[in-house]
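Residue-level structure breakdown
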Amino acid sequence: MSSNEGEPRFSLPVRVYYDDTDVGGTVYYANFLRFMERARTEWLRSLDFELDALRLREGLLFVVRHAEIAYLRPAVFNDLLTVTVDLRAGGKASMDFVQEIRRTADTTLCCRGRIKVACIDEKTLRPTRLPERLLAEIVDVC
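Parameters and conventions
- Once a new chain begins, its residue numbering starts again from 1 and follows that chain's sequence as written.
- Confidence filtering applies because this is a predicted model: local features only for residues at pLDDT of at least 70, side-chain atom pairs given and counted only at 80 or more, and all residues used for totals across whole chains, interfaces and linings.
- Where side-chain values are given, they derive from all heavy atoms of the structure, hydrogens and water being excluded.
- The nonpolar core is taken to be a set of buried Ala, Val, Leu, Ile, Met, Phe, Trp, Tyr and Cys residues, with the residues joined through side-chain atoms within 4.5 Å.
- With a 1.4 Å probe rolled over the protein chains alone, any residue whose accessible area is under 20% of its type maximum counts as buried; one over 50% counts as exposed, and the rest are partly exposed.
- Each helix is a run of DSSP H or I of at least 4 residues and each strand a run of E of at least 2, with the numbering of both proceeding from the N terminus.
- By the convention used here, residues are in contact when the closest approach between their heavy atoms is within 4.5 Å.
- Whether two aromatic rings pair depends on their centres lying within 6.5 Å, for rings of Phe, Tyr and Trp, where Trp uses its six-membered ring; planes under 30 degrees apart make the pair stacked, over 60 edge-to-face, and the rest tilted.
- Charges are assigned to positions over rings by a cutoff of 6 Å between ring centre and Lys NZ or Arg CZ, combined with an angular limit of 35 degrees from the ring normal.
- Sulfur atoms of two cysteines make up a disulfide when they are within 2.5 Å.
- When DSSP locates at least two bridges between a pair of strands, those strands are taken to pair.
- Helix axes are fitted only over the stretch in contact, all axes being lines through C-alpha atoms; the angle between N-to-C directions runs from 0 to 180 degrees.
- Whenever Lys or Arg places a side-chain nitrogen within 4 Å of a carboxyl oxygen from Asp or Glu, that contact is recorded as a salt bridge.

Some thoughts on the nonpolar core
Counting residues in hydrophobic clusters, the biggest one holds 32 residues, and the most contacted among them are Phe32, Phe35, Trp43, Met95, Ile101, Leu134 and Ile138. Put simply, the parts of the chain that give this core at least two residues each are β1 (10-15), α1 (29-46), β3 (80-90), β4 (94-103), β5 (109-121) and α3 (132-141). It is α1 that provides the largest number of residues to this core, a total of six residues. Apart from the residues lying within four places of it in its own chain, the contact partners of Leu134 are Leu44, Leu47, Phe49, Phe62 and Met95.

Considerations on the packing of aromatic side chains
Summed over the entire model, instances satisfying the criterion amount to six aromatic pairs. With a centroid separation of 6.4 Å and 80° between ring planes, the pair formed by Phe32 and Phe35 is classed as edge-to-face. Separated by three residues within a single helix, Phe32 and Phe35 lie in helix α1, roughly one turn from each other. Each member of the pair, Phe32 as well as Phe35, is classed as buried. Ring centres of Trp43 and Phe97 lie 5.3 Å apart, and the angle between their planes is 80°; on these two criteria the pair is classed as edge-to-face. Here the residue Trp43 occupies a position in helix α1, and Phe97 occupies one in strand β4, the gap between them amounting to 54 residues. Taken individually, Trp43 and Phe97 each receive the classification buried, so the pair is uniform in this respect. Linked through ring pairs, Tyr28, Tyr29, Phe32, Phe35 and Tyr71 together constitute an aromatic cluster. The ring of Phe49 carries the charged tip of Arg133 above its face, separated from the ring centre by 4.1 Å.

Observations concerning the state of the cysteines
Tallied over the full model, the rule gives zero disulfides. In this model Cys110 remains outside any disulfide bridge; the closest cysteine sulfur is found in Cys111, 8.0 Å from its own.

Regarding the sheet that holds β5
Pairing in this open sheet of five strands is antiparallel, and the strands run β1-β3-β4-β5-β2 from one edge to the other. The sheet terminates laterally at β1 and β2 (60-71), the two strands that pair on one side only. Here the average twist between neighbouring strands, direction ignored, is 25°. Here nine bridges tie β3 to β4, and the two strands are oriented antiparallel to one another. When the sheet's bridge partners are listed, Leu81 is paired in β4 with Arg103.

Thoughts on the pattern of salt bridges
Under the criterion given, the structure shown has 13 salt bridges. For Arg34, the salt bridge is made with Asp20, and the minimal N-O distance between the two is 3.6 Å. Linking Arg34 in helix α1 with Asp20 in the loop between β1 and α1, this pair joins segments that are 14 residues apart in sequence. On the accessibility criterion, Arg34 (41% relative accessible area) is partly exposed. With a shortest N-O distance of 3.1 Å, Arg88 and Asp86 are connected by a salt bridge. According to the relative accessible area criterion, Arg88 is partly exposed, its value standing at 47%.

Right, here's the structure in full:
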């Protein structure tokens, strides 16, 4: 994670595989969302939070509540992409992210998204508080 102002908090390299592309040879639009999801999962892992452990031990799940995506430039088979995660706001039961996907070779911005993730109880599927330890981590970021 970065602490320099203006730099993303977390980044993940992702290679575009053949199965990520559509018939035209570019990354299928929904796969950009998958890449963003993967980066948020790895961001949590970097903070020592495993999604399966949160579900098993605390009965917590994370769900996307809102997604706003701008597709700006295509990515193609074998491109190496950099997917960033920048937490912009954290509440008691939610987190707001800005994420970008850039072609690593030339830093071309391919996709940008604003994603709101809610923490819910596994049994009731209702919003619930983020774990205290995670809240403590994100307070420093926001």
